[in-house]
Every structure is written in structure tokens, then in C-alpha cells.
Amino acid sequence: MLISNVHIFDGEKQLEGLYDVVTDGELIKSVEPRTEERTSGCGDVISGNKNWLMPGLIDLHVHLTWNGKTDPATDIMHSSPEENLMETVGNTLKYLSNGVTSVRDLGSPNDDSLHVSKAIARGQIRGPRIFGSGMSLIMTGGHDPFNGMPVDGPWEALKGVRKQVAKGASVIKISATGGVYGRAEGEGVDDTELRQEELDMIIDEAHRRGIPVTAHALGEKGIRSCLKAGIDCIEHGHYIQRDMAELMAKQGTALVPTFFIYSHLADSDNIPEYARKKSQAVIEAHHRSLGYAKKAGVLIGAGSDAGSPNAPHPCMFEEIKALHDGGLTNEEALRAATGNAARILRRSGKLGAVKPGAYADLIMTSENPCENLDVLLDLRMVIANGEIVKR
Ligand SMILES: [Zn+2]
């Protein structure tokens, strides 16, 4: 397939001039400066008409099993495993047409996201690439028990990692602190959950298996423990201080701030009251921590937390806008959802890029997305794995 005459944002930067992009099967074969009528030898020819081509978006933090209504956790607990699996499938099907070609699912009851990921990889259903953790590892009574596997003590933690790896997890998700949503009582954002020796074991074992670990972590103490254990990525990260951001940049720990959801929860009056109040209390710190991270040069990725209360799938556009409102430039926000996201997935060069050898996961917009993010709401074309899924 030839896509001719397009401007390109390649996941890192805007390229000068116009280009012709050729795909072969699921991969991008060539990206070359536009020349006169390069049509010979290509199957489908798509006239780009000086539109913009960029990598498909990558949402690094979704919960495909959560329904995005007012209280998804309660709905999950009141549904059968079969109902939850069908909910997961239904939500997954909403991604590609909105330009999101990969997602990282961080916490799914019964490992539903891993089952759906396999169904997509086998071609049974068409959907985004899913990089899933399946169930998260939590302490008994820890954050998000409805999709958490309780592990207490280093040896249970070790077994938890091995179980998730055996089921096909491509990332290990842990709850290192309490959160704002999930349970009305019994957890605060400053509460540390897993102990240092449990964190050390989880991260050491996952790394031994070549798999990254990411932590739900809001409070300062919990984040510090994760950094000490050598965590790969922090989700949310509200109370990251300046020295912590510098340490993250130095040791290569990424941040997925999930910036949209907290202000959204703080403004929602139809969600559980405890969650709204707790969200309001952490907004200011969240802005500060994103500022520290940007200044220190931390690798920042875009994750929406889609599926959370009042956040129906997908919410990638909302997250990109929120990152921009939080102080990132448009280009930095787009990089967070493409090139940076691929790096966090450890798929740099294969995903989140418009370059030879990368998967042909591409979206086309009528204007330069780096100048106007709103064009992401009106996509001219979506290509996933080399196939046109929206035109
Ligand atoms: Zn989440």
C-alpha cells in the first residue's frame, strides 16, 4: 500500500516536507521524500493530499473490564465472570476506530484482558494490541481488590509474578499505595501497601523474566520504596518531589501520570462521594509532580485510566489534552502517546513510529496535530497492522 503526499509526525518529531509511505503486509516498508507519481509496484494507492500521517495512539493505562460508568468497581463485583469478559470484549472494540492502536491494560479481573489480547493476536476479533498485566499484585486488603491477587510476603510475591508471567502478562502491575477510587474505606493515598521486601522480590523476579513492573503509587513514601526497588514505571505519581523526579530521570523510571482522570473525578458529582473528595485533595500535588517530571527529563507516557468512573472507553484524546493543559507542549503530549509510549512498552522502533520496520499502525489527520490537537477527534484514516480500519 502506498500512502502518497503526506506530512509526517513520526512519533518523535515533525518531519520537513512531504513524504510517500509504503507498507508491506503489517509493516512499514519505506518512508521517503515525495517524488513525482510513485505508483508503480504498489497495490492500494492512497492519496494523502498533504494531510498529516502519524503513528496510531498508544494508551498506556486502561482497564478494559471496567465500564466507565459511575461506579465500575461495584458493577464488576455484582457481575458474573462471563458478563465481565463480555464487557471487556465490548470495550476493546471501541479503540481502533478512534485511532488507538495499542493499549496497556493494568488490572483486569480474572485476567480478562489477557484472554482478549490472545483473541486479537489469533485474529478471532479485531482490536488494538493489548499489553496486559492481567490481575494486579496487591497486599491482602490492598488497592483494587476486585482485580488484585493478594500476595503477602516475598515468596507469595514471587509466586504472583510467576503466575502472571505464565498466563501471558507483558507487564506486572502492583498496588504500592492506596488510591482515590475503589473502596470507600480502609485506604488512603499516603498509605503504603506492599512492603519493601515484597517490592524488591516482585521487581527482581519480573526483571529476571525480562518483564517490566509498574506501580499504582500516589503517596510519597510508597513511590520512594518503588524507586528504591528499581521499578520501571510509576502510575499517577501525585506526590513525586523534585529529588524523586531527578532520580527517576537518572535511573530510567518512566511516569504515566494519568492526568485527565483525577480532575475529571474531582468535577464529577454523580460518582461515589469519597472518590470525588479524595480526587479534589490530590489535584494540586499532581500538577506539581508533572512539572518536576518534565523539568527533570523523566520519560512521560500517556495513559487515560479509561474505564474508571465517568470515563467510558476510549479517553485517549482527553488524556492528551490534559497533558497539554498540565504543561506539556502539543508535540510533547503527542510524543507521550506515541514514541515515548512505545519506549515504555519496550517496543521502540516497532510501535509509535513512522519508519521502516515499524508496524503499520497509522492515523491520518487533516491538519498538523502538533498545532491543533482537536484534529484527533476527526480522523481521516486509521490503519492498524497494515489494514485500513477507518477511512
Ligand atoms: Zn488505573
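The structure displayed is predicted, hence computed values, not measured ones. (Residues numbered from 1 in each chain as written. Predicted model: local features only at pLDDT ≥ 70, side-chain atom pairs only at ≥ 80, totals over all residues. Heavy atoms only, no water.)

Describing the coordination of the zinc ion
At the metal site, the zinc ion is ligated by His61 (NE2), His63 (NE2) and Asp305 (OD), and these contacts range over 2.0 to 2.3 Å. The sequence pattern formed by the donor residues of the zinc ion is H-x1-H-x241-D. Residue His63 is located in the loop between strand S6 (57–62) and helix H1 (72–77), and its partner Asp305 is located in the loop between helix H9 (273–296) and helix H10 (316–325); the two are separated by 242 residues in the primary sequence. By relative accessible area, His63 is classed as buried at 2%. (Donors = N, O, S within 2.8 Å, 3.2 Å for Na, K, Ca; no water. Helix = DSSP H or I, 4+ residues; strand = E, 2+ residues; numbered from the N terminus. Buried < 20%, exposed > 50% of the residue type's maximum accessible area, 1.4 Å probe, protein only.)

Some points on the UniProt feature "domain: Amidohydrolase-related" (unreviewed entry) in the chain
Within this numbering scheme, the UniProt entry marks residues 53–389 as carrying the feature "domain: Amidohydrolase-related" (unreviewed entry). Secondary structure within residues 53–389 divides into 39% helix and 15% strand; the distance between the first and last C-alpha atoms comes to 15 Å. (UniProt positions renumbered as here; feature names shortened; annotations may be inferred.)

Looking at the side chain of Asn91
Structurally, the position occupied by Asn91 is in helix H2 (residues 81–92). If sequence neighbours within four positions are ignored, Asn91 has contacts with Leu64, Thr65, Trp66, Asn67 and His313. (Contact = heavy atoms within 4.5 Å.)

Topic: the sheet that holds strand S8 (residues 129–132)
With parallel pairing, three strands are arranged side by side in an open sheet as S6-S7-S8. The open sheet has two edge strands, S6 and S8, and neither has a second partner. Across the sheet, the mean angle separating the axes of adjacent strands is 20° when strand polarity is ignored. Inspection of the sheet shows S6 paired to strand S7 (residues 100–105) by four bridges, in the parallel sense. Paired with Ile58 across the two strands is Ser102, which belongs to S7. (Pairing = 2+ DSSP bridges. Axes fitted to C-alpha atoms, helices over the stretch in contact; angles between N-to-C directions.)

Notes on the side chain of Ser268
Topologically, Ser268 is positioned in the loop between helix H8 (259–267) and H9. For Ser268, a relative accessible area of 7% gives the class buried. A polar side-chain atom of Ser268 sits 2.8 Å from the main-chain carbonyl oxygen of His264. Apart from residues no more than four positions distant in its own chain, Ser268 is found in contact with Arg276 and Asn310. (Polar contact = N/O pair within 3.5 Å; in protein donor to acceptor, adjacent residues only side chain to side chain.)

A closer look at the pattern of salt bridges
For the structure shown, the criterion picks out 21 salt bridges. As a salt-bridge pair, Lys294 and Glu332 come within 2.8 Å of each other at their nearest N and O atoms. Placement of Lys294 in helix H9 and of Glu332 in helix H11 (residues 330–336) is noted, with a sequence separation of 38 residues between them. Across the salt bridge formed by Glu331 and Arg335, the nearest N and O atoms sit 2.9 Å from each other. Of this pair, Glu331 and Arg335 both sit in helix H11, separated by four residues, roughly a single helical turn. Of the residues examined, Glu331 reaches a relative accessible area of 19% and is grouped as buried. Linked through salt bridges whose partners overlap, the residues forming this network are Arg162, Glu205 and Arg208. (Salt bridge = Lys/Arg side-chain N within 4 Å of Asp/Glu carboxyl O.)

Structural notes on the nonpolar core
When a protein is soluble and globular, its nonpolar side chains tend to lie buried together. One finds Ile172, Ile174, Ile202, Ile231, Ile234 and Ile320 to be the most contacted residues of the largest nonpolar core, which totals 86 residues. The element best represented in this core is H9, accounting for seven residues. Apart from residues no more than four positions distant in its own chain, Ile174 is found in contact with Leu137, Leu194, Leu199, Ile202, Val213, Thr214, Ala215, His216 and Ile231. The next biggest cluster of nonpolar side chains, apart from the first, holds 19 residues, and it includes Val31, Ala353, Val354 and Met364. (Core = buried A, V, L, I, M, F, W, Y, C linked by side-chain atoms within 4.5 Å.)

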